[in-house]
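Residue strings, one per chain:
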Amino acid sequence: MVQRLILFCCLFLLVSCAANPQSSLKKNLQTRSDQAVLTVYMAASGPAEMDVNARLEEISVEVDGAWISLDLAPVEISFLKLKAQQFLVGAAVAPLGEHRRLRLKLSGLPVEAGGNNKPEEFFVLSLPEPLELDRGSSKCLFVDWQLITDRPRSSKLTSSFTAWGQGQTLGGELLYVACKNINTVYVVRMDINEVVSAFSVPGPITDIRMQEDGHSLYILSSGRRAIYVYDCLNSRLVDQIALSGSIEPKNMVLSADGKYAFISDAAAGAIFKVDLAAGKVVALNRVGHRPMRMAYIDDGQGRLAVAATSSNQVFMLNTEDLK
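Residues numbered from 1 in each chain as written. Predicted model: local features only at pLDDT ≥ 70, side-chain atom pairs only at ≥ 80, totals over all residues. Heavy atoms only, no water.

Draft legend 1. Spatial organisation of the pattern of salt bridges. Scanning the entire structure with this criterion turns up eight salt bridges. Residue Arg209 pairs with Asp207 through a salt bridge whose shortest N-O separation is 3.1 Å. Under the relative-accessibility criterion, Arg209 is labelled partly exposed at 23%. Given a relative accessible area of 2%, Asp207 falls into the buried group. Shared partners join several salt bridges into a network, and the residues in it are Arg55, Glu57 and Glu76. (Salt bridge = Lys/Arg side-chain N within 4 Å of Asp/Glu carboxyl O. Buried < 20%, exposed > 50% of the residue type's maximum accessible area, 1.4 Å probe, protein only.)

This is the structure:
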């Protein structure tokens, strides 16, 4: 069985960003439901092993014949570091529609190495397939940097760039990272330690949980008071389980068989049991004491451990009726 893992964290702790402090966002990005988010990653490939440095000044996308700059902070890039690890350039609100071309503005490329680069140079890249951004969507764009020499061991270098949008993720061990501030879940391939795609969920996202078989990912949205169901095998959202409008969901765990979700509501001091197939609440217990984190204990007895922060207690509930 393909192993799939989940992780809930903020964008600044995302895999590529954690090891590259320069890739921190220009600002704490906040988005509206009618906007689209584009996250840009960069890497390097090819046989060259030279430590070439440059500055990525700007990334623009073409819309109706005009170039619109993404609101991304300039970053310093190193060819050898990009070969070692995927680099998070940043995330920004992007124009809606079908994107076919982007433009990179770079400075500091090594003209002294004998190449034909200018002190400041633009690279216009065509995507192999259009990247469609709809209202509320969140997707990834990937850029690869290659250094080309005219002959082996030559100091004459020419920079070349290619770009592509995310596609469907097939196979591999996957890590799911939820970023609540931009209502986005990122998909990371653990065998290569790289982000490969992203998708949006109406938020704010408060928790995510994976079924044991790895087929479905459940995403808890406090803003919509709902559980969204993501089909991991086909890479798409397939269902939405609406909760009561009076519930303020905080945390969620799944039963061992993946049939039920248990949700804590700290404000109401309550725990809810949700039948995921029927899409409804089937049990409720108001334990009080602001219940927060929970753990499902799979020991054959069906117990749920609930931590209450206001009383420094742990309640043990029966998972059948929550008593």
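Draft legend 2. Region of the structure containing the side chain of Thr184. Tracing the backbone shows Thr184 in strand S12 (residues 184-189). Polar side-chain contacts of Thr184 include one of 2.8 Å to the backbone oxygen of Ile182. Beyond its immediate stretch of four places on either side in the chain, Thr184 contacts Ser138, Val177, Ala178, Cys179, Ala198, Phe199, Ser200 and Ile205. (Helix = DSSP H or I, 4+ residues; strand = E, 2+ residues; numbered from the N terminus. Polar contact = N/O pair within 3.5 Å; in protein donor to acceptor, adjacent residues only side chain to side chain. Contact = heavy atoms within 4.5 Å.)

Draft legend 3. Up close: the side chain of Gln211. Looking at the element boundaries, Gln211 is found in the loop between strand S14 (205-210) and strand S15 (216-221). Looking at Gln211, the relative accessible area reads 15%, which means it is buried. Once residues within four sequence positions are removed from consideration, Gln211 is found in contact with Ser216, Tyr218, Leu254 and Gly258.

Draft legend 4. Inspection of the sheet that holds strand S2 (residues 36-45) at higher detail. With mixed pairing, four strands are arranged side by side in an open sheet as S6-S2-S9-S10. A single partner strand is all that each edge strand has here, and the edge strands are strand S6 (87-94) and strand S10 (157-165). The average undirected angle you get between the axes of adjacent strands in this sheet is 25°. The sheet contact formed by S2 and strand S9 (residues 138-149) spans nine bridges and is parallel. Bridging across to S9, Leu38 finds its partner in Lys139. (Pairing = 2+ DSSP bridges. Axes fitted to C-alpha atoms, helices over the stretch in contact; angles between N-to-C directions.)

Draft legend 5. Just the sheet that holds strand S16 (residues 226-231), in detail. Spatial strand order, S14-S15-S16-S17: four strands in an open sheet with antiparallel pairing. Edge strands, defined here as strands with exactly one partner in the open sheet, are S14 and strand S17 (236-242). With strand direction ignored, the average angle separating the axes of adjacent strands in the sheet is 20°. In terms of strand pairing, S14 meets S15 through five bridges, oriented antiparallel. Residue pairing for S15: Met210 is matched across the bridge by Leu217.

Draft legend 6. How the structure looks around unusual backbone geometry. Here Gly203 and Pro204 are connected by a cis peptide whose omega angle stands at 0°. With respect to the secondary-structure elements, Pro204 resides in the loop between strand S13 (194-200) and S14. Despite not being glycine, Arg225 shows a phi value in the positive range, around 50°. Considering the arrangement of structural elements, one finds Arg225 in the loop between S15 and S16. Relative accessible area serves as the criterion here: at 26%, Arg225 is assigned to the partly exposed category. At Arg290, a residue that is not glycine, the phi angle is positive and equals roughly 50°. Within the secondary structure, Arg290 sits in the loop between strand S21 (280-286) and strand S22 (291-297).

Spatial relationships are all this shows, so hold off on functional conclusions.
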